[in-house]
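# Structural description and commentary
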Amino acid sequence: MIRITSAKFLGSSTSVDDAADFGMSEVAFLGRSNVGKSSLINALTNHQGLAKSSSTPGKTQLINFFEVMFDNENEKIPLIFVDLPGFGYAKVSKSLQNAWQKNLDEFLRKRLNIKVFVHLIDSRHTDLSKDENLGFYLDGFVRNDQKILNLYTKCDKLNQAGRSKVLKTDKDALLISSSKRSGIDKAVQSIYNGVFGI
């Protein structure tokens, strides 16, 4: 079984131009501001305070990098997790939002080390146009050596009918609950498989 054994914060950047090249494959996490991105990164790495979640949605404005050590039958493989600013809620000026948008767009398109885009979707609200648009947007430039993985967060808040509805919408849906740790091992495996094209 693939496990994550350690994780550490490496640094932050504002754009692709000032982002360090760590020379490792990267996994980029995207989603709306209150979708539970920080909680998920903390749950995946089993490291509570690693990604800081803010009480104010949209507060994270930097691109944050973490080195994460995967263990595949005692073979240690480091990957980079990239925590990207959430979209949709930030109470900032239009011009600042446009600047972020431009920086993010350039980062996602030009950052060659990204192997997996993890698109986080709130499992209780799967039909939001913002998520649909992000899906179309990623499909528009994803390369052959890259993969998009849809993870549906907060699934502990769903009943059986709610879960079935998500799986009807997306048969490959991975249902995750960071607080209950359900689906976390499966997500770790899927991210690993996505990076290495398994």
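Each remark here, short or long, concerns the structure printed above.
Bear in mind that the values here come from a model prediction, so they are computed numbers and not experimental data. (Residues numbered from 1 in each chain as written. Predicted model: local features only at pLDDT ≥ 70, side-chain atom pairs only at ≥ 80, totals over all residues. Heavy atoms only, no water.)

### As for the sheet that holds strand E7 (residues 174–175)
Spatially, E1-E3-E4-E2-E5-E6-E7 is the arrangement adopted by the seven strands of the open sheet, whose pairing is mixed. Every interior strand has two partners, whereas the edge strands, strand E1 (2–13) and E7, have only one. Both E1 and strand E3 (residues 63–72) contribute to a ladder of 10 bridges, which runs antiparallel. If you follow Lys8 over to E3, its bridge partner there is Glu67. (Pairing = 2+ DSSP bridges. Helix = DSSP H or I, 4+ residues; strand = E, 2+ residues; numbered from the N terminus.)

### Regarding the environment of Asp71
With respect to the helices and strands, Asp71 occurs in strand E3. With 33 residues separating them in the primary sequence, Asp71 and Leu104 have C-alpha atoms 30 Å apart. When neighbours within four sequence positions are excluded, Asp71 is seen to be in contact with Met1, Ile2, Arg3, Thr5 and Lys76. A polar contact of 2.7 Å, which involves the side chain of Asp71, links it to the backbone nitrogen of Asn74. Within polar-contact distance, the side chain of Asp71 engages the side chain of Lys76 at 3.1 Å. (Contact = heavy atoms within 4.5 Å. Polar contact = N/O pair within 3.5 Å; in protein donor to acceptor, adjacent residues only side chain to side chain.)

### Digging into helix H5 (residues 184–195)
Its 12 residues give H5 an end-to-end C-alpha distance of 17 Å, which sits within 8% of 16 Å, the value for a rise of 1.5 Å per residue. Burial of H5 is extensive: nine of the 12 residues sit out of reach of the surface. Turning to H5, its buried residues number three or more, namely Ile184, Ala187, Val188, Ser190, Ile191, Tyr192, Asn193, Gly194 and Val195. After H5 finishes, the residue Gly197 shows a positive phi value of roughly 65°. (Expected span 1.5 Å × (residues − 1). Buried < 20%, exposed > 50% of the residue type's maximum accessible area, 1.4 Å probe, protein only.)

### Considerations on the pairing of strand E6 (residues 147–153)
As judged from the seven bridges shared by strand E5 (residues 114–122) and E6, these two strands associate in the parallel manner. Across the sheet, residue Leu120 finds its bridge partner in E6, namely Leu151. As for the winding sense of the linkage, the β-α-β connection from E5 through helix H3 (residues 129–139) to E6 is right-handed. With two bridges connecting them, E6 and E7 associate as parallel partners. Residue pairing in the sheet places Leu151 in a bridge with Leu174 of E7. For the handedness criterion, the β-α-β arrangement of E6, helix H4 (residues 160–169) and E7 is classed as right-handed. (Right-handed = clockwise from strand over helix to strand, strands pointing away.)

### A few points about the pattern of salt bridges
One pass over the full model with this rule turns up 12 salt bridges. The shortest N-O distance in the salt bridge between Arg109 and Asp105 comes to 2.7 Å. One end of the pair is Arg109 and the other is Asp105, both in helix H2 (residues 94–110) and four residues apart, which spans about a single turn. On the accessibility criterion, Asp105 (25% relative accessible area) is partly exposed. The salt bridge partner of Lys157 is Asp156, with a shortest N-O separation of 3.8 Å. On the basis of relative accessibility, which here comes to 53%, the residue Lys157 falls in the exposed class. (Salt bridge = Lys/Arg side-chain N within 4 Å of Asp/Glu carboxyl O.)

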